[in-house]
Amino acid sequence: MKKNNKVKKIMEVLQIAQLGNNILRCQAKPVINIWHENLQQIIDNLIATVIATNGVGIAAPQVLMNDRLFIIASRPNLRYPQAPKMGPKAIINPRLISHSEDREKGWEACLSVPGMRGLVPRYRVINVEYTNREGKLEKQELTGFVARIFQHEYDHLEGLVFLDRVESTRDLMTEDEYQKQIIQLRN
Ligand code: ZN
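Computed from a predicted structure; not experimentally measured.

Caption draft 1: Examining the pairing of strand S5 (residues 113-123) more closely. Direction of pairing for strand S4 (residues 103-110) relative to S5: antiparallel, over a ladder of 7 bridges. The residue bridging Glu108 from the neighbouring strand is Gly118, located in S5. The hairpin turn running from S4 into S5, its antiparallel successor, is 2 residues long. With 3 bridges joining them, S5 and strand S8 (residues 172-174) adopt antiparallel strand pairing. The residue of S8 that forms the bridge with Met116 is Thr174.

Caption draft 2: Inspection of the sheet that holds S5 at higher detail. Reading across from one edge, S4-S5-S8 is the order of the 3 strands in this open sheet, with antiparallel pairing throughout. Because the sheet does not close on itself, it has two edges, and the strands there are S4 and S8. Each strand of the sheet is rotated relative to its neighbour by a mean of 25°, with strand direction disregarded. Helix H2 (residues 144-157) contacts S4 and S5 of the sheet and is inclined by roughly 60° relative to S4.

Thresholds, definitions, all that
Residues numbered from 1 in each chain as written. Predicted model: local features only at pLDDT ≥ 70, side-chain atom pairs only at ≥ 80, totals over all residues. Heavy atoms only, no water. Pairing = 2+ DSSP bridges. Helix = DSSP H or I, 4+ residues; strand = E, 2+ residues; numbered from the N terminus. Axes fitted to C-alpha atoms, helices over the stretch in contact; angles between N-to-C directions. Contact = heavy atoms within 4.5 Å.

Below, the structure is given as structure tokens:
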């Protein structure tokens, strides 16, 4: 039997659209063909990019793709030392089915808004539905930080960034000041 020459997968770190780029303000389009040959490669590239940049999530519009697709890749890192550890997950055509009444505020940042943090209210518990990278429909209840990532990334598919969600411009901080005040307080 001829052995498949295993081609080494090349994962590319992609360039990230910055605030002001119009794609961040567009509504993304549903992924129609989950089995398109490029989709798995795009997902791998998004994962490589979010890991290389110490992110915990990244949405397709942030790499100039107008598709309803994002990655959640929560793990403790320099930017989010308290993040829970989980493997990177591709979320395709997500839907927010229901959410808790209560919201909680937490500091968010965004690879497309470098150098800034904002105190953003998000639903504490959400029930979501999405297609995974194997093409299966998944239903999940997400809470806390992971629910926050989901809502942040979902917003990107709707043309929103976290700056649109802060209640006051006084809830904004530079990343440097955040590191000084918030991270050092914890240690
Ligand atoms: Zn973002």
